[in-house]
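So the chains spell out like this:
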Amino acid sequence: MKYILVTGGVISGIGKGIIASSVGTILKSCGLHVTAIKIDPYINIDAGTFSPYEHGEVFVLDDGGEVDLDLGNYERFLDICLTRDNNLTTGKIYQSVINKERKGDYLGKTVQVVPHITDAIQEWVMKQAKISVDDDGVEPQICVIELGGTVGDIESMPFIEAFRQFQFKVKRENFCNIHVSLIPQPAATGEQKTKPTQNSVRELRGLGLSPDLVICVQDVSTVYRVPLLLEDQGVVSYFCQRLNLPIEMRPRKMLKRWKEIADRSDRLLERVSIALVGKYTKLADSYTSVIKALHHSALAINHKLEVKYVDSEDLELATLHDEAVKYHEAWQKLCSSQGVLVPGGFGVRGTEGKILAINWARKHNIPFLGVCLGMQLAVCEFARNVLGWEDANSTEFNPESKHPVVIDMPEHNPGQMGGTMRLGKRRTIFKSSLSVLRKLYGNVDYVDERHRHRFEVNPVLKHHFEKNGLQFVGQDVEGERMEVIEVEDHCYFVGVQYHPEFTSRPIKPSPPYFGLLLAAAGKLQSYLNKGCQLSPRDTYSSSSGSSSPDADICELKFPSLSGN
């Protein structure tokens, strides 16, 4: 097993995740099996209880793990399936050590940061590095480890010390450290300054780690260029020599795919605009996977994506009275968009604005996709404006509603927030052969997608909606939970209880998002009439390769539907 540790200096959020993902990508393109671990030094057990404004979105894995958004980058770049233990936090380490101490595993010894915490970190990494993340079940050969935060942060010191010891435990030929840093260029001089990086490297070396590679970030036209830039600068040949990797220096199909994606991204001319109506729109990282899924779909149809962020509160009448300009600007963005997306979220703030946006999309035949809460609010909007239930709402927002069209699930534990939702990969059974979404998935009987919710559509009221044109075309295995909605006689009005963005990949766009982009670009009916085939100019070439070592991709592909 070879280990590549990625650390960061000067500032946080410098792009360690993209560098770690790109390094993994170029190594996987060489036929190696690669896994990834993200270390977050915060004391939280996981990311599940974070506000999106704290650390961006919460990414959900197949096993229900609520993890840092960087694991989403790893899965998208490497096309792998990670588990909750691939995200290591200070909270998890201390919890495991304290649990051992309570059981008496330390035989009365004084439990300390060194050696007990540092040993636990090393054991966790070595154990998790062996877990297969590919469909073929093969044990990984390379483990890329990203250490969150910045070198010098007090909370990351136990991890730095653990890896200082670790490099000697696994031997030099099996361990490599990449340090990602910043070269600022002050506007006053226009000259690049290396002093911050020098200081960062000196601090890292003072803590016992000497970087083998220092990567200084720069702006690129698209993140798909990063693996190509690293390849061009000889990173693969360096790893071959430094880690004694069994790599043949031959043309790599997977990188041809990345070049094709990057080139396509750079030369797009036609635009398609989507209004993203949410409550966390001030920080784009709050919707990272949603934005990536939209980009994947826009690339697939050869369109440049324009996302118009609309704060749902600004659409509400209260804003008209308080800040009229903001109100009219929000509605102008919404009305000028070719499609509307209402993503997931929690809490009552901004929900009435989202319902107004959904109502506008439904009445004006504008393509609409509602995800999780977005689907639930679409049901509320339909109940109010079509069924005439004026107080229809979710019990999350109005427990006294006479028409509770969305209710909390029986397994919801209101006394504890962390890890109490319906999480992870669940099966959705399609109930209608006429479903547009079913056709977009390839006319399958079922799909397996990732969930993260506490509330669900009230199944008792199902028949009221279906006889008025809102069909529940997808349900869970027991037929008790409503998973997919579609409105009849609309160009594209779809809601899904699951989060399809978490399984979207650059060359395998998520079908619900793909349908939204097709409809927004006016191509959906043509696509369906052709048997769900793209035109030749929109398909990726058969020589572009796939993310599985030595496999070919011959056409646009969608997420695995067999439960893998």
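Every value quoted in this text rests on a predicted model; they were computed, and no experiment measured them. (Residues numbered from 1 in each chain as written. Predicted model: local features only at pLDDT ≥ 70, side-chain atom pairs only at ≥ 80, totals over all residues. Heavy atoms only, no water.)

A.B. asks: Just checking my understanding: could you explain the overall build of the chain for this structure?
C.D. replies: When helices and strands are counted, the chain shows 19 helices and 20 strands. Taken over the C-alpha trace, the chain has a radius of gyration of 24 Å; the compact-globule value for 564 residues is 24 Å, and the two agree within 12%. For the chain, the spread of C-alpha atoms along the principal axes amounts to about 70 × 60 × 55 Å. In the chain, once contacts between residues fewer than 6 apart in sequence are set aside, the share between residues at least 24 apart is 74%. Carbon and sulfur atoms make up 50% of the accessible area of the chain, which amounts to about 23200 Å² in all. Side chains of the chain carry 64 positive and 70 negative charges; the gap between the two charge centres is 4 Å. (Helix = DSSP H or I, 4+ residues; strand = E, 2+ residues; numbered from the N terminus. Rg over C-alpha atoms; globule rule 2.2 N^0.38 Å. Contact = heavy atoms within 4.5 Å. Areas by Shrake-Rupley, 256 points an atom, 1.4 Å probe, with all protein chains shown as cover. Lys, Arg positive; Asp, Glu negative; His and termini not counted. Charge placed at Lys NZ, Arg CZ, Asp CG, Glu CD.)

A.B. asks: Sorry if this is basic, but what is going on with the packing of helix α8 (residues 225–232) against helix α10 (residues 253–267) here?
C.D. replies: Two packed helices can be described by the angle between their axes and the distance between those axes. Two elements in contact, α8 and α10, have axes separated by 8 Å at closest approach and are oriented at 125°. Considering their axes alone, α8 and α10 lie oblique with respect to each other. Along this stretch, α8 crosses α10, giving a crossing that reads as left-handed. Along its contact with α8, which presents R225, P227, L228 and E231, the element α10 presents L255, W258, K259, A262, D263 and D266. (Axes fitted to C-alpha atoms, helices over the stretch in contact; angles between N-to-C directions. Parallel < 35°, antiparallel > 145°, perpendicular 65-115°, else oblique. Left-handed = near helix turned anticlockwise from the far one by under 90°.)

A.B. asks: Please clarify how the layout of surface pockets should be interpreted in this entry.
C.D. replies: The gaps left among the atoms become clear once a water-sized probe is rolled over them. By volume, the largest pocket amounts to about 1500 Å³. Looking at the largest pocket, it is lined by 49 residues, and the ones nearest its centre are G13, I14, G15, K16 and I18. If you list the elements that add at least two residues to the lining of the largest pocket, you get α1 (16–28), β2 (34–40), α2 (52–55), α3 (70–78), β8 (213–216), α8, α9 (235–242) and α11 (288–300). Of the residues that constitute the lining of the largest pocket, the class distribution is 24 nonpolar, 13 polar and 12 charged. (1 Å grid on protein atoms, 1.4 Å probe; cavity = no way out; pocket = protein on both sides within 12 Å on 5 of 7 lines; lining within 4 Å. Points joined across faces, edges and corners; volume = space filled by probe spheres on them. Nonpolar A, V, L, I, M, F, W, Y, C, P; charged D, E, K, R; others polar.)

A.B. asks: What should I look at first to understand unusual backbone geometry in this one?
C.D. replies: Excluding glycine, most residues fall at negative phi; most peptide bonds, likewise, are trans. Following V114, the chain continues into P115 via a peptide bond in cis, with omega recorded as 15°. For P115, the position within the fold is in helix α5 (residues 113–128). Unusually for a residue other than glycine, N302 sits at a positive phi of about 65°. Within the fold, N302 resides in the loop between α11 and β10 (304–311). For N365, which is not glycine, the phi dihedral falls at a positive 55°. By secondary structure assignment, the location of N365 is in the loop between α14 (351–363) and β12 (368–371).

A.B. asks: Can you help me understand the nonpolar core in this one?
C.D. replies: In a soluble, globular protein the nonpolar side chains are often hidden away together inside. The biggest cluster of nonpolar side chains holds 50 residues, and the ones touching the most others in it are I4, L27, I178 and F239. In terms of residue count, α1 provides more of this core than any other element does, 6 residues in total. Contacts of L27, omitting those with residues within four sequence positions, involve I4, L32, V34, I142, F239, L245 and I247. Core analysis: the second largest hydrophobic core is formed by 41 residues, V310, M375, V405 and L470 among them. (Core = buried A, V, L, I, M, F, W, Y, C linked by side-chain atoms within 4.5 Å. Buried < 20%, exposed > 50% of the residue type's maximum accessible area, 1.4 Å probe, protein only.)

A.B. asks: Got a minute to help me understand the sheet that holds β10 in this structure?
C.D. replies: Sheet strands associate in pairs through backbone hydrogen bonding, adopting either a parallel or an antiparallel arrangement. The strand order β10-β9-β11-β12-β20-β19-β18-β15-β16 describes an open sheet built from 9 strands, whose pairing is mixed. Of all strands in the sheet, those with a lone pairing partner are β10 and β16 (446–453), marking the two edges. Averaged over all neighbouring strand pairs, the angle between strand axes comes to 25°, with direction disregarded. In terms of strand pairing, strand β9 (residues 271–278) meets β10 through 8 bridges, oriented parallel. Counterpart to A275 in the pairing with β10 is K308. Against the sheet, helix α13 (residues 324–335) makes contact with β9, β10 and β11 (339–342), and its axis sits at roughly 150° relative to β10, the strand it touches most. (Pairing = 2+ DSSP bridges.)

A.B. asks: For this particular structure, what's the right way to read the sheet that holds strand β6 (residues 142–147)?
C.D. replies: Read from one edge to the other, the open sheet built from 6 strands follows the order β5-β2-β6-β1-β7-β8, with strand pairing classed as parallel. One side of each edge strand has no neighbouring strand; the edge strands of this open sheet are β5 (87–89) and β8. Between one strand axis and the next, the sheet turns through 20° on average, direction left out of account. Relative to strand β7 (residues 175–181), strand β1 (residues 2–8) is paired through 6 bridges, and the arrangement is parallel. Its bridge partner lying in β7, V6 is registered against I178.

A.B. asks: Help me understand the environment of E381, please; the structure alone is not making it clear to me.
C.D. replies: With respect to the element layout, E381 can be found in helix α15 (residues 373–385). Taking the relative accessible area as the measure of exposure, E381 reaches 0% and is therefore buried. Taking C-alpha positions, E381 is 56 Å from Q112, a pair spaced 269 residues apart along the chain. Leave out the neighbours within four places in its chain, and E381 touches I355, I358, N359, R362 and V386. Here the side chain of E381 touches N385 through a polar contact of 2.9 Å, side chain to side chain. (Polar contact = N/O pair within 3.5 Å; in protein donor to acceptor, adjacent residues only side chain to side chain.)

In short, the description is geometric, and any link to function would need to be established separately.
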